Structure formats: C-alpha cells, structure tokens
Amino acid sequence: MTLFARYKAALVAVLVAVPGIALADVKVAGAVLPDGAVKVAENRYRVPKTYEETIRFFRQTYGPRFARRPIADQPGVKAVHIVNPEPRPGQWEGLNVYELKGEVRVFVLVRKGD
C-alpha cells in the first residue's frame, strides 16, 4: 500500500467517524441531553429544539418511572422538572427543562456527595 493510499484510507475513516461524533447525545452527570445541546453555564445547556420536541425526547429517553411536574406558573414561561428516582452522589437528581423568550434550556441538578 502506498503512502498516499494510507492517507486516503485514514481520511475516509475520519470523515465517516465525524458525523457520528457530532450527533452523539450529550451526557452530564449521567443525564442524557438532546443532540446539539450547548453548554452556556455550569450544568446549564441550550437545546436547539422546540420545547415540545425536547419534552418528547425526555419522555422517550426517561420513561414513566421518572416523575415530571410543572414548575412555572407565569405567562410566557413553560417549565417542567424531571426527577431521577435513584440519584447517587455526583449523578443527576433532577432536570429542569424550560422555555423563555423562545429559547429552550435544560438545567441539570447534580446530587452532592454525602
């Protein structure tokens, strides 16, 4: 195999792997966040999907065992809290999913060590 052929094979391998890396789910303290979630502060992420799509993602990812409850009662604000029924220290104990001014964000609540 020539040197050019080796570089060509390596380049193809990288290009095939990159889309898979870009579409991987984001994990924070064990919590899976939607594709494309971008960190905006510590444990806070902006999600490029609509609020309804984000809630649907969490419903599919975390079934009925993970309780949900509304946490906002204000006009123009949608928010829900998802509870992890078995959090361990350093892992997520809850997720706050909210939409404010057309932007969807997720706040990951991490359980402190005992």
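Throughout this document, residue positions are counted from 1 along each chain, in the order its sequence is written. With pLDDT at 70 or above as the cut-off, local features in this predicted model cover only qualifying residues; side-chain atom pairs require 80 or more to be listed or tallied, and sums for whole chains, interfaces and linings still use all residues. Based on all heavy atoms of the structure, the side-chain values leave hydrogens and waters out of the count.

### Things to note about the environment of Glu-53
And step 1. Turning to its location among the elements, Glu-53 is positioned in helix H2 (residues 51-61).
And step 2. Sequence separation between Glu-53 and Pro-34 is 19 residues; the distance between their C-alpha atoms is 9.5 Å.
And step 3. There is a polar contact of 3.0 Å between the side chain of Glu-53 and the backbone nitrogen of Thr-50. A run of H or I in DSSP becomes a helix once it reaches four residues, and a run of E becomes a strand once it reaches two; helices and strands are each numbered from the N terminus. Any pair of N or O atoms that falls within 3.5 Å is considered a polar contact. Within protein, one atom must be able to donate a hydrogen and the other to accept it, and sequence-neighbouring residues count only if both atoms are side-chain atoms.

### Section: unusual backbone geometry
And step 1. Unlike most non-glycine residues, Ala-29 shows phi in positive territory, near 50 degrees.
And step 2. Within the secondary structure layout, Ala-29 lies in the loop between strand S1 (26-28) and strand S2 (31-33).
And step 3. Unusually for a residue other than glycine, Lys-101 sits at a positive phi of about 55 degrees.
And step 4. In this fold, Lys-101 is placed in the loop between strand S7 (92-100) and strand S8 (103-110).

### Examining the side chain of Asn-84
And step 1. With respect to the element layout, Asn-84 can be found in the loop between strand S6 (77-83) and S7.
And step 2. Of the polar contacts made by the side chain of Asn-84, one reaches the backbone oxygen of Trp-92; its length is 2.8 Å.
And step 3. Look past the residues within four positions of Asn-84 in its chain and what remains in contact with it is Phe-66, Trp-92 and Glu-93. Every residue pair with non-hydrogen atoms within 4.5 Å of one another is taken to be in contact.

### Some remarks on the pairing of S7
And step 1. Within S7, seven of the nine residues are buried, leaving the element largely enclosed by the surrounding structure.
And step 2. A pair of strands counts as paired when DSSP detects no fewer than two bridges linking them. Two successive antiparallel strands, S7 and S8, enclose a turn made up of two residues, where Lys-101 displays a positive phi of approximately 55 degrees. A 1.4 Å probe rolled over the protein chains alone gives each residue an accessible area, and that area as a share of the maximum for its type sets the label: buried under 20%, exposed over 50%, partly exposed in between.

### Notes on the pairing of S8
And step 1. Judged from the four bridges that link them, strand S4 (residues 44-47) and S8 form a sheet pairing that is antiparallel. If you follow Arg-46 over to S8, its bridge partner there is Arg-105.
And step 2. In terms of strand pairing, S7 meets S8 through eight bridges, oriented antiparallel. Bridging across to S8, Asn-96 finds its partner in Phe-107.

### Digging into the nonpolar core
And step 1. If you look at the biggest cluster of nonpolar residues, it comprises 22 residues, and the most contacted ones within it are Leu-33, Phe-58, Tyr-62, Leu-95, Val-97, Val-106 and Val-108.
And step 2. Tallying contributions element by element places H2 first for this core, with four residues.
And step 3. Once you skip the residues sitting within four places of it in the chain, Leu-33 turns out to touch Asp-25, Val-26, Val-28, Tyr-45, Phe-57, Phe-58, Val-106 and Val-108. Definition of nonpolar core: a set of buried residues of the types Ala, Val, Leu, Ile, Met, Phe, Trp, Tyr and Cys, connected through side-chain atoms within 4.5 Å.

### Describing the sheet that holds strand S5 (residues 68-70)
And step 1. The strand order S3-S4-S8-S7-S6-S5 describes an open sheet built from six strands, whose pairing is antiparallel. Edge positions in the open sheet fall to strand S3 (38-41) and S5, since each of these has one partner strand only. Sheet twist, expressed as the average angle between the axes of neighbouring strands with direction ignored, equals 25 degrees.
And step 2. Convention adopted: a line fitted to C-alpha atoms gives each axis, helices being fitted over their contacting stretch, and angles between N-to-C directions are expressed from 0 to 180 degrees. On top of the sheet, H2 reaches S4, S5, S6, S7 and S8; it is set at about 160 degrees to S7, its chief contact.

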